Amino acid sequence: MDKLVIEGGKPLSGTIVIQGAKNAALPILAASMLVEGKVTIDHVPKLLDIDVMLNILRELGCRAEHEDETVTLDTSSLHSSHIPEALMRQMRSSIFLMGPLLARFGEVTIYQPGGCAIGERKIDLHLSGLRALGAQVDEEDSRIVCYAKRLKGAEIHLDFPSVGATENIMMAAVLAEGLTTISNAAREPEIQDLQHFLNSMGAKIFGAGTDTITIEGVEKLTPCRYQVIPDRIVTGTVMVAAAATRGQVTLLNTCPSHLTSLIHVLRRTGVQITVDDDIIKVGTAARPKAVDRIVTSPYPAFPTDLQSQIMVLLALADGVSVMKETIFEGRFKHVDELSRMGADIRVDLNSAFIRGVSRLYGATVEATDLRAGAALVIAGLAAQGKTVVEQVHHIDRGYDRIETMLGRLGARITRYSPVPNNQIVP
Ligand code: UD1
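Residues numbered from 1 in each chain as written. Predicted model: local features only at pLDDT ≥ 70, side-chain atom pairs only at ≥ 80, totals over all residues. Heavy atoms only, no water.

As named in an unreviewed UniProt entry, the protein is UDP-N-acetylglucosamine 1-carboxyvinyltransferase, taken from Paenibacillus lignilyticus. Turning to the protein, the UniProt record has this under Function (unreviewed entry): "Cell wall formation. Adds enolpyruvyl to UDP-N-acetylglucosamine." In the Sequence similarities (unreviewed entry) part of its UniProt record, the protein is described as follows: "Belongs to the EPSP synthase family. MurA subfamily." (UniProt positions renumbered as here; feature names shortened; annotations may be inferred.)

Put into structure tokens, the structure is as follows:
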């Protein structure tokens, strides 16, 4: 497994361009299966999760290439709607294929994606949404088979605004007969991006970005070329890294309006942020101030995907901060690792009490999941001495060569990969 070795204590400085959004690209790739023909998606980041999705699409008969940041798909030869269990288990987001494959083939076989490091992650809302659209859903052990000759529009209320369930139902309803309404829908920017993509192919979807989405079913879609939005979580990660190292960083290709809650929190810590069109500048030279209470909640509230990263900044702040995690039950795994670096954090149920320390110290730590891994990289950059981050494959799921991106900002960070004879080489 690859490791990142970080020599900390150097403020980040410089300018970088932000990658396209993983969480927008994944459902868009899945939604491409709704159309027959060639689809081109630009600004798709080179990530492990994207590779897994493309491999699943190839397994189903789709032709898929990823060159530079452009994915070209030819879905004409798609012949299967059975996602093998082994591939399903590699990535939870394979669940996104359920709606599109059911709509296109009239049946789909998937397997329970299972829980993951950050929580149980049920799919009941996905399944009840498809049932409401008229699908017969048979569950046998971990296998789930759905049938529907043609889905029928329905009024669907989500008990919780799940991002994935909202997207799956939207994709399934595009080719359904009649009108579908999703109430208490998730409002994340990636859902708006999915709406824009599907409408570019001729779908009739309105309201993404609000809590009510309506989908007027159409008979057929036409292929298109589309560009994915900037990744707000990668943007936020680098903003926090700039603040934690007390640096000055300029980020290009961002969407500042997607980061209002983070910008608000960072300003409360004393970090200076200026926004101009798609450019964000972040800078500070002072020790951050604590923030009394941050609560992660569905968009537009503070995102769970930036909880672990901002905790590193709060671990270095002057005073006590409180972080409450309401989305995923297992999302404090980074706390133990940060404690090994000198952080003073106590967890009680779903709240973390963070007493800021003046300094973190380098240590060998383990990335337990994607965003926890990103947090440890930030901690390593801010810490005194050398940090080794293990299990880097988690980070590669969501950051396109994080060491290259941060290296452009002057970070001293090197990847070491094992080679067959057990030597470790950069
Ligand atoms: C998406 C994002 C992920 C982010 C999360 C919350 C992608 C690829 N991933 O994940 O990065 O952290 O949103 O912003 O876009 N739930 C149920 N039943 C369901 C579905 C969800 O109980 O059928 C629960 C989950 O267990 C979790 C909560 O709802 O506690 C939020 O999950 P959801 O919004 O669905 O997140 P994902 O779409 O999996």
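Asker: What is the right way to read the UniProt feature "binding site: UDP-N-acetyl-alpha-D-glucosamine" (unreviewed entry) in the protein from this model?
Answerer: UniProt records the feature "binding site: UDP-N-acetyl-alpha-D-glucosamine" (unreviewed entry) for Arg92, Asp305 and Ile327 in the present numbering. The residue Arg92 is located in the loop between α3 (85–90) and α4 (98–105) in this model. On the basis of relative accessibility, which here comes to 18%, the residue Arg92 falls in the buried class. Of note, Asp305 is situated in the loop between β17 (294–296) and α10 (307–315). If near-sequence neighbours (up to four positions away) are discounted, Asp305 is found in contact with Asn23, Ile233, Arg331 and Arg371. (Helix = DSSP H or I, 4+ residues; strand = E, 2+ residues; numbered from the N terminus. Buried < 20%, exposed > 50% of the residue type's maximum accessible area, 1.4 Å probe, protein only. Contact = heavy atoms within 4.5 Å.)

Asker: Would you take a moment to explain the site of the ligand for this structure?
Answerer: As a matter of local geometry, the ligand sits amid 19 residues, with Asp124, Leu125, Ser162, Asp305 and Ile327 nearest to it. Backbone polar atom of Lys122 to an oxygen atom of the ligand: 3.3 Å apart, as the coordinates give it. Asp305 has a polar side-chain atom sitting 2.6 Å from an oxygen atom of the ligand. For the shell around the ligand, the elements supplying multiple residues, two or more each, are α5 (124–132) and α6 (163–173). (Near = heavy atom within 4 Å. Polar contact = N/O pair within 3.5 Å; in protein donor to acceptor, adjacent residues only side chain to side chain.)

Asker: Looking at this model, I keep getting lost on the domain arrangement of the protein. Mind explaining?
Answerer: Note on interface size: it is often stated as the accessible area lost on association of the parts. Split by domain assignment, the protein resolves into domain 1 (3–19 + 230–425) and domain 2 (22–227). With centres defined by C-alpha atoms, the gap from domain 1 to domain 2 works out at 30 Å. Between domain 1 and domain 2, the residue contacts involve 26 residues of the former and 20 residues of the latter. Interface area for domain 1 against domain 2, summed over the two sides, is near 1900 Å², with a carbon-plus-sulfur share of 54%. Taken together, the links from domain 1 to domain 2 amount to two salt bridges. Two residues, Glu190 and Arg232, come together in a salt bridge whose shortest N-O distance is 2.8 Å. Taken together, the connections running from domain 1 to domain 2 amount to six residue pairs in polar contact (both at pLDDT 80 or more). (Domains from an automatic or database assignment. Buried area = accessible area lost by both parts, 1.4 Å probe. Salt bridge = Lys/Arg side-chain N within 4 Å of Asp/Glu carboxyl O.)

Asker: Where do I start with α5 in this structure?
Answerer: Because each turn of an α-helix spans 3.6 residues, side chains separated by three or four positions in sequence point in the same direction. Of all the positions in α5, only Leu125, His126, Leu127, Gly129 and Leu130 are classed as buried. Downstream of α5 by a residue or two, Gly134 has a phi angle that is positive, lying close to 100°.

Asker: Help me understand the sheet that holds strand β8 (residues 143–147), please; the structure alone is not making it clear to me.
Answerer: Strand pairing in a sheet is mediated by backbone hydrogen bonds. Such pairs are either parallel or antiparallel. One open sheet holds the three strands; their spatial order is β6-β8-β7, and the pairing between them is antiparallel. The sheet is open, and its two edges are formed by β6 (107–111) and β7 (136–140), each paired on a single side. Direction aside, the axes of adjacent strands within the sheet are offset by 15° on average. Along the sheet, α5 makes contact with β7 and β8, crossing β7 at roughly 145°. (Pairing = 2+ DSSP bridges. Axes fitted to C-alpha atoms, helices over the stretch in contact; angles between N-to-C directions.)

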